[in-house]
Amino acid sequence: MNKSLRIPLIAMLLIGCFSIMGCKQNKYTLGKLESQRINNKVATLLAQMTLEEKIGQMTQVRHFYDIGKGDVAAKNLGSAIHTQGPLPGKNAAEWQAKFTELQKEALSTRLGIPLLFGVDAVHGQNTYNGATIFPHNIGMGAAANLELAEEAARITALESQACGFNWVFAPCVAIPLNEKWGRFYEAYAEDAQLTTDLTKAYINGLQRHLNDSTTVLATAKHYIGDGATDYGIEGGSSSIANHEMMKRLIDPYKMAVQQGAGAVMTSFNTIDGLPMHAHKALITDTLKNKLGFDGIVISDWKGYSRFGQAAIINAGIDMVMAVDGDLGLFQNGLKKAVEENRVPMSRIDDAVTRILRQKYRLGLFKNPFPAKSLTTAIGIPEHRAVARQAVRESLVLLKNEDNILPLNKAASKIVVVGAHANNSGYQSGGWTINWQGSKTSYNGATTILDGIKQVAQGTVIYDSLGQGSHPDADAVIIVVGETPYAEFFGDIGDGKGKHQLTLSDSQQHYISHYASQGLKVVTVLVSGRPLVVNKQLAQSQAFVAAWLPGSEGDGIAQVLFGEYDFKGKLPHSWPKSITDYNNKFGPNYWDNSITPLFPFGYGLTYRPQDK
Ligand code: BGC
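Just so we're clear, the structure is a prediction, and the values are computed from it rather than from any experiment.

**Digging into the side chain of Gln 259**
Phase 1 of the analysis: Along the chain, the position of Gln 259 falls in the loop between helix H10 (251–258) and strand E7 (263–266).
Phase 2 of the analysis: Taking relative accessible area as the criterion, Gln 259 reaches 3% and is therefore assigned buried.
Phase 3 of the analysis: A polar contact of 3.3 Å, which involves the side chain of Gln 259, links it to the side chain of Asn 204.
Phase 4 of the analysis: Ignoring any residue separated from it by four or fewer positions in sequence, one finds Gln 259 in contact with Asn 26, Thr 29, Lys 200, Ile 203, Asn 204 and Gln 207.

What follows is the structure in structure tokens.
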């Protein structure tokens, strides 16, 4: 083939590849000209950078501990994270002020490259006490309302910016294959299509055009197979076959790439015996080259210390999270690896190009500081109204014998039972105020009991311990569930630990106790995963899966008392037996080897045609 023929052919192939890869422009991604303009600026800046400055950009630190005064400038840092640990201040204005101070330091450097500030805002800006907290993703999967998901993400971005952040480590786009996984609730659904649709909505809501101070970079996580480990062990190994992975798990990432997601976070699990952090074939060859991802690949927490810094950078990781107390060690180690040709300079340049590209896309060079005016938007009624709608739409009605629901608002006596009814910390799960969640109620939230009291017109009695006797009650609403957990703390493993796939004995007793009094029992289950509750289903006239609804607990009463109908549908098949979980991948509903108690998509409504 001669040269003149070869060039148009290559161009055609490239265009073809791009559309196959799904890199087409969508309503929120940048146009070609704008991308070109940014790429030129990045190239100009990169050409001026020393190796130390480049490695600095690849370093993300915690804002409070890893850095001493002057480190942002002296170590050329690229990003700071806030997650568990000391707060940046007493209120949002102080948080902003703290990040503004660090940003000024970054801007005072020779090249004045601004910092990215990242946060785990996974269901609202949940690290701030007083923010609007949405249902965890499992509830958003049950609601399956794409406009609502986009709106929830838009509000999360705005409240994150109000706290000084321009990057969030969400959405989690895992497809969990085993309920024993402690992060089950962080994922939308067992279904790849639903997860992919919600991924699109969520990334669009967070990033939009990335051109004003209310938007943030999104992160699709954890790439890949986080929810597909054998026996649901967080960070464990996965024996899922490569073709199954490509069939069941990759689509949300393809969508994230297509929507221009700013970042992808690698996962702690191992695939084919290789830690994902060091998996060049999946990170560089598949995600970057084949799918065309041009954003930042960020490691998970301290990934470098677990898997080796040269190994993870060579695999394709661009920024390393939480360089924890050993900033010098990390930076000098990487510098030495480059000098000894163990990490090629081209890899460093690729990483820094990606980081700078996102900083330009976000408009950070022009607009590096958070807008002060946004602080008054945190937790406002308009935001809470959207979260409340999400709560209502996430509820799945599993049983409604004799149409006991909706309850009559004019009933003279309603008894509400259980600690989960009156604790917004419990109803919100992990990643709420604290990493492991909160065991007490938090600012601005409404508990399920508060909501019932607002809607019911008669007497509402609260029995926190489930031991009362109320023969004259019109109905008993028993709220039971899991206590908050996050990451490996929520793993079930062999079932002998803190969490189990069924209710605790005392909670089972609440239901038996009231059912044996011949009362109408409505059970509301607050949990991050389906639990095996066959007996409790039989003992209850009505049974609602409420997932982890977040701050607007009153959304539950609005549906129980008929102000709204049920809309939620099961985002996961519901198990019928704990022995279903004996397999590595839990109940393999997708290969029909186990019959669920309720199938994916199940959910009753008040409308007669749906009964
Ligand atoms: C989690 C990530 C999270 C990160 C930062 C890790 O342990 O796996 O999901 O974004 O910590 O808090």
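**Observations regarding the domain arrangement of the chain**
Phase 1 of the analysis: Along its sequence, the chain is carved into domain 1 (37–376) and domain 2 (395–609).
Phase 2 of the analysis: Distance from the C-alpha centre of domain 1 to the C-alpha centre of domain 2: 33 Å.
Phase 3 of the analysis: Facing the 48 residues of domain 1 at the interface are 45 residues of domain 2.
Phase 4 of the analysis: Of all residues in domain 1, Glu 179, Lys 180 and Glu 190 bury the most surface against domain 2, accounting for 19% of the area lost on that side.
Phase 5 of the analysis: Where domain 1 touches domain 2, the interface holds 1 salt bridge.
Phase 6 of the analysis: Of the charged contacts in the structure, one is a salt bridge between Glu 487 and Arg 183, with a shortest N-O distance of 3.8 Å.
Phase 7 of the analysis: Counting across the domain 1 and domain 2 interface gives 25 residue pairs in polar contact (both at pLDDT 80 or more).
Phase 8 of the analysis: Taken together, the elements giving at least two residues each to the side of domain 1 that touches domain 2 come down to helix H6 (137–143) and helix H9 (242–248).
Phase 9 of the analysis: Class assignment for the residues of the side of domain 1 that touches domain 2 results in 20 nonpolar, 17 polar and 11 charged.

**Structural notes on the side chain of Glu 487**
Phase 1 of the analysis: Position of Glu 487 among the secondary structure elements: in the loop between strand E14 (475–481) and helix H18 (505–515).
Phase 2 of the analysis: For Glu 487, the side chain forms a polar contact with the side chain of Trp 435, separated by 2.8 Å.
Phase 3 of the analysis: When residues no more than four places from it in sequence are discounted, the contact partners of Glu 487 are Gly 182, Arg 183, Glu 234, Trp 431 and Trp 435.

Parameters at a glance
All residue numbers refer to position in the chain's written sequence, counted from 1. Local features in a predicted model are, by the rule used here, given only for residues with pLDDT of at least 70; side-chain atom pairs are given and counted only at 80 or more, and totals for whole chains, interfaces and linings are based on all residues. For side-chain calculations, the full set of non-hydrogen atoms in the structure is used, while hydrogens and water are omitted. Working definition: helices are DSSP H or I runs of at least four residues, strands are E runs of at least two. Numbering for both runs from the N terminus. The classification of residues rests on relative accessible area computed with a 1.4 Å probe and restricted to protein chains. Under 20% of the type maximum is buried, over 50% is exposed, and intermediate values are partly exposed. N or O atoms within 3.5 Å of each other form a polar contact, as long as, within protein, one can give a hydrogen and the other can take it, and as long as residues adjacent in sequence are counted only when both atoms are side-chain atoms. Whether two residues touch is decided by their heavy atoms; if any such pair falls within 4.5 Å, the residues are in contact. Here the limits of each domain have been adopted from an automatic or database domain assignment. The term buried area means the drop in 1.4 Å probe accessible area that two parts suffer when joined, counted for both and summed. Just to be clear on terms, a salt bridge is a Lys or Arg side-chain nitrogen sitting within 4 Å of an Asp or Glu carboxyl oxygen. Polar here means any residue other than Ala, Val, Leu, Ile, Met, Phe, Trp, Tyr, Cys and Pro, which are nonpolar, and Asp, Glu, Lys and Arg, which are charged; Gly is therefore polar.

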